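# Examining the three-dimensional arrangement
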Amino acid sequence: HRRFDYRPKTDPYCQARYTFCPTGSAIPVMKEEDVIEVYRLQAPVWEFKYGDLLGHLKIMHDAVGFKSSLTGKNYTMEWYELFQLGNCTFPHLRPGMDAPFWCNQGAACFYEGIDDAHWKENGTLVLVTTISGTMFNEMAKWVKYDNETGIYYETWTVQASPDKQSIVWFDSYECSKFILRTYQKLADLGAVFRKIQTNYTSIILFSGEPIYLGNETSIFGPQGNKTLAAGIRDFYYPFKPHRTVREFFVDLLKIIDGVILKRQFYLFYNLEYWFLPMKFPYLKIIYEEVPLPTGSKTSFGV
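Residues numbered from 1 in each chain as written. Predicted model: local features only at pLDDT ≥ 70, side-chain atom pairs only at ≥ 80, totals over all residues. Heavy atoms only, no water.

## Looking at the pattern of salt bridges
A full pass over the atoms with the stated rule returns eleven salt bridges. Between R40 and D62 there is a salt bridge; the shortest N-O distance is 3.9 Å. Residue R40 is located in strand β1 (residues 35-44), and its partner D62 is located in strand β2 (residues 60-68); the two are separated by 22 residues in the primary sequence. Side by side, R40 and D62 carry an identical accessibility label, which is buried. Two residues, E148 and K144, come together in a salt bridge whose shortest N-O distance is 2.9 Å. Of this pair, E148 and K144 are both found in helix α5 (residues 133-149), four residues apart, which corresponds to roughly one turn of the helix. Taking relative accessible area as the criterion, E148 reaches 37% and is therefore assigned partly exposed. (Salt bridge = Lys/Arg side-chain N within 4 Å of Asp/Glu carboxyl O. Helix = DSSP H or I, 4+ residues; strand = E, 2+ residues; numbered from the N terminus. Buried < 20%, exposed > 50% of the residue type's maximum accessible area, 1.4 Å probe, protein only.)

Pasting the structure below:
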């Protein structure tokens, strides 16, 4: 997943149904001698709207919590889409614009408090390590860098087969990957993690070797490939928001025809388009263990 020099301004066309990070605040500077508990937080995606529904499918959202021993204050940190998941996964086909239009930025959100009920009821709230104030402050600097350079959300992991040793063509870039990066940074700073099982959700597409198609200009620009451009637009059209149930089922049949029967998928990754020759089982949601990291430095002895 490519890093960028800066975060571009979002286009006013991109609108969120739910405000991104509504109570967000700056990350505080902790006193060096502080002892800070670090918590693993996990709950079903969109639990506030659907309860445990997506939890049954193991579609989970991840975050990390902190508790200062000096102040007693709690904090939550997470990374998610600016304009909800659908906008990050599929583009808009706007009238008068040849190229699909993407609202696919993601970002970190930090705020005071941990909503215990939200994380505990259908998910996880568990202590994973303890760090010093110095380590927390170093992590905060890294979060700023990570947030300014890793700016685009990517829903899909793409790999060659369900086998655990399979080639991964493209890796996702979403909430769980941010938490894994944060844990690794803390481990590198000296944090020692407890030995507990930690699982994360991945949504995987299965594909033969991807074929590079080009970027927006080379495909949709004045000298672009009009046939390819039309094929990409046609592929994305059934994924639009639906007004009626009938419309949804008509488009669902088109999606099944394209992805499963014709074995075609167009992926937008790092601002470039790729063709995926799809393979059985086409798509799978897995909830797989990723162990907590071990550090590259000695512990601070917290």
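Next, the rest of the story.
## Some remarks on helix α9 (residues 245-261)
With 17 residues, α9 ought to run about 24 Å at 1.5 Å a step, and its terminal C-alpha atoms sit 23 Å apart, in line with that. Turning to α9, its buried residues are D251, I255, G258 and V259. Down the axis of α9, the smallest arc covering the buried residues is 80°, so these residues share one side. Residues of α9 that are exposed and angled more than 90 degrees away from the buried face: V245, R246, L253 and L261. Next to the buried residues of α9 lie α8 (226-236), β10 (264-269) and β11 (272-289). Phi for R263, located one or two positions after α9, is positive at around 60°. (Expected span 1.5 Å × (residues − 1). Arc of directions from axis to C-beta. Contact = heavy atoms within 4.5 Å.)

## Considerations on the packing of aromatic side chains
Per the counting criterion, the structure on display carries 26 aromatic pairs. The interplanar angle of 70° and the centroid separation of 5.5 Å between the aromatic rings of F235 and Y266 together place this pair among those described as edge-to-face. Of this pair, F235 sits in helix α8 while Y266 sits in strand β10, and the two are 31 residues apart along the sequence. Where F280 meets Y282, the ring centres are 5.9 Å apart and the plane angle is 85°; that geometry is what we call edge-to-face. Through a chain of ring-to-ring contacts, three or more aromatic side chains come together here, namely F90, W102, W156, F220, F235, Y236, F239, F265, Y266, F268, Y273 and F275. One Lys or Arg, R40, reaches over the ring of Y200 and ends 4.9 Å from the middle of that ring. Just above the ring of F101 sits the side chain of R94; from NZ or CZ to the centre is 4.5 Å. (Phe/Tyr/Trp six-rings, centres within 6.5 Å; stacked < 30°, edge-to-face > 60°. Lys NZ or Arg CZ within 6 Å of the ring centre and 35° of its normal.)

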